[in-house]
Amino acid sequence: MSGPRGAGSGRDAASARTKRCPGRSPARGLLSLLIGLLAALSLPAAAAAQAVVEYPAPPGSNPGGITSGPDGALWFVGEGTSTIYRMTTGGALTNAFPVPTSSTPSLDQITVGSDGALWFTQPGDNQIGRITTAGAITEYNALSGHQPEGITAGPDGALWYSATGIGKIGRIPTTGGPVTEYPPTGTAGSGISDITDASDGALWFTESLGNQIGRIATNGVITHHFAVPTAGSEPSGITEVPGAGLWFTEFAANQIGQITFGGVVTEYPGAGAGPLPP
């Protein structure tokens, strides 16, 4: 998927990221990254190096989005195999559930819904998937052109997702429909990438091409767009750290950003940008 990037064509931005970093999805695991960064700052170099443990994933799976499930295990998408995998916190792979109608590759992000099931996005198939902890999968069609990527459980109990293909925010109830898009006309932003729920009762999303962080209320009204200071930073993954605001990745700037509910943005150098403080 190449060509010029247009407003609302966040999938183009995602394609560019995939070309530079094969098999890697936008950072739904941002919280893990932040925890790891804080741990690295607080530990001696030798101890920090030993803090990371890696476990093999199935060959060709190209792991993407990951979340902790309601059963205490880790659930992740295999972008390369169109499969949902379950792994224990000890690193044992226990189950592999192929997605019935998914093309390869077509999976992106995964989250836990208010109904106790896991919900995932299929941008290439323009679908939202649901899987129970027993492995039963149901797929629902998104609206035309949505190409869903980021997904989160909203404070209203529904699932909210980034309709990256057309620059809108999508909402799907746990019953599977009807699907709604916001705003009804126009776009929510340029290059919408990821979305998360927040303790202020709203949802916050990244605009990788617009270089902004957006906020949408559960009534579908987009209340704010906050500019990221570093030009062309391509904000990507976003999550809330309780008591510390929202944190997001800046893919092109190699930085981590923090934004308060009032819209104040602070940026920090990412790993590899320079030596860590002693």
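None of these values were measured; they are calculated from a predicted model.

A word on the environment of Ile 172
Structurally, the position occupied by Ile 172 is in strand β11 (residues 168-172). When the C-alpha atoms of Ile 172 and Asn 141 are compared, they prove to be 10.0 Å apart, with 31 residues separating the residues in sequence. Every residue in contact with Ile 172, bar those within four places of it in the chain, is listed here: Trp 119, Ile 128, Tyr 140, Ala 158, Leu 159, Tyr 161, Gly 177 and Val 179.

Re the nonpolar core
A general trend in soluble globular proteins is that nonpolar side chains are found buried together. Listed in full, the 12 residues of the largest apolar core are Ala 117, Trp 119, Ile 128, Tyr 140, Ala 142, Ile 151, Ala 153, Leu 159, Tyr 161, Ala 163, Ile 172 and Val 179. Mapped by element, the contributors of at least two residues to this core are β9 (148-153) and β10 (159-163). Looking at this core element by element, the count peaks at 3 residues for β10. In this view, Leu 159 contacts Thr 111, Gly 113, Trp 119, Ile 151, Thr 152, Ala 153, Gly 170, Arg 171, Ile 172 and Thr 174; residues no more than four positions away in its chain are not counted.

Concerning the packing of aromatic side chains
Applying the stated criterion to the full structure yields 7 aromatic pairs. Here Trp 247 and Tyr 268 contribute two aromatic rings whose centre-to-centre distance is 5.6 Å and whose plane-to-plane angle is 15°, an arrangement assigned as stacked. On the criterion of sequence distance, the pair formed by Trp 247 in strand β18 (residues 246-250) and Tyr 268 in strand β20 (residues 265-269) is long-range, its members being 21 residues apart. Of the residues examined, Tyr 268 reaches a relative accessible area of 34% and is grouped as partly exposed. Grouping aromatic residues by their ring pairs yields a cluster made of Trp 204, Phe 226 and Phe 261.

Points about the pattern of salt bridges
Tallied over the full model, the rule gives 4 salt bridges. Close ionic contact of Arg 171 with Asp 156 constitutes a salt bridge, the shortest N to O distance being 3.0 Å. Placement of Arg 171 in strand β11 and of Asp 156 in the loop between β9 and β10 is noted, with a sequence separation of 15 residues between them. Judged by its relative accessible area of 33%, Asp 156 is partly exposed.

Section: the confidence of the model for the protein
Looking at the protein as a whole, the pLDDT averages 85, with 79% of positions reaching at least 70. Every residue in residues 1-29 scores below 50 in pLDDT, and together they form 74 contacts with partners more than four places removed in sequence or on other chains. The model gives residues 31-43 a pLDDT under 50, and that stretch makes 15 contacts with residues more than four places away or in other chains.

Section: the sheet that holds strand β19 (residues 255-259)
Spatially, 4 strands are ordered β17-β18-β19-β20 in an open sheet, and the strand pairing comes out antiparallel. Each edge of the open sheet carries a strand with a single partner, namely β17 (235-240) and β20. Each neighbouring strand pair of the sheet contributes to a mean axis angle of 25°, computed without reference to strand direction. The pairing of β17 with β18 spans 4 bridges and is classified as antiparallel. Paired with Thr 239 across the two strands is Trp 247, which belongs to β18.

Considering the environment of Gln 258
Positionally, Gln 258 belongs in strand β19. The spacing of Gln 258 and Trp 247 is 11 residues in sequence and 4.4 Å in space, taken between C-alpha atoms. What Gln 258 contacts, discounting residues up to four positions off in sequence, is Ala 244, Leu 246, Trp 247, Phe 248, Val 264, Val 265, Thr 266 and Tyr 268.

Some thoughts on the sheet that holds strand β6 (residues 118-122)
Pairing is antiparallel across the open sheet formed by 4 strands, whose spatial order is β5-β6-β7-β8. Strand pairing shows two members of the sheet lacking a second neighbour, β5 (110-112) and β8 (137-141), which therefore form its edges. Neighbour-to-neighbour, the strand axes of the sheet open up by a mean angle of 25°, direction not taken into account. Pairing of β5 with β6, which is carried by 3 bridges, proceeds in the antiparallel orientation. Note that in β6 the partner of Val 112 across the bridge is Leu 118.

The rules we used
- Residues numbered from 1 in each chain as written.
- Predicted model: local features only at pLDDT ≥ 70, side-chain atom pairs only at ≥ 80, totals over all residues.
- Heavy atoms only, no water.
- Helix = DSSP H or I, 4+ residues; strand = E, 2+ residues; numbered from the N terminus.
- Contact = heavy atoms within 4.5 Å.
- Core = buried A, V, L, I, M, F, W, Y, C linked by side-chain atoms within 4.5 Å.
- Buried < 20%, exposed > 50% of the residue type's maximum accessible area, 1.4 Å probe, protein only.
- Phe/Tyr/Trp six-rings, centres within 6.5 Å; stacked < 30°, edge-to-face > 60°.
- Salt bridge = Lys/Arg side-chain N within 4 Å of Asp/Glu carboxyl O.
- pLDDT = per-residue confidence, 0-100.
- Pairing = 2+ DSSP bridges.
- Axes fitted to C-alpha atoms, helices over the stretch in contact; angles between N-to-C directions.

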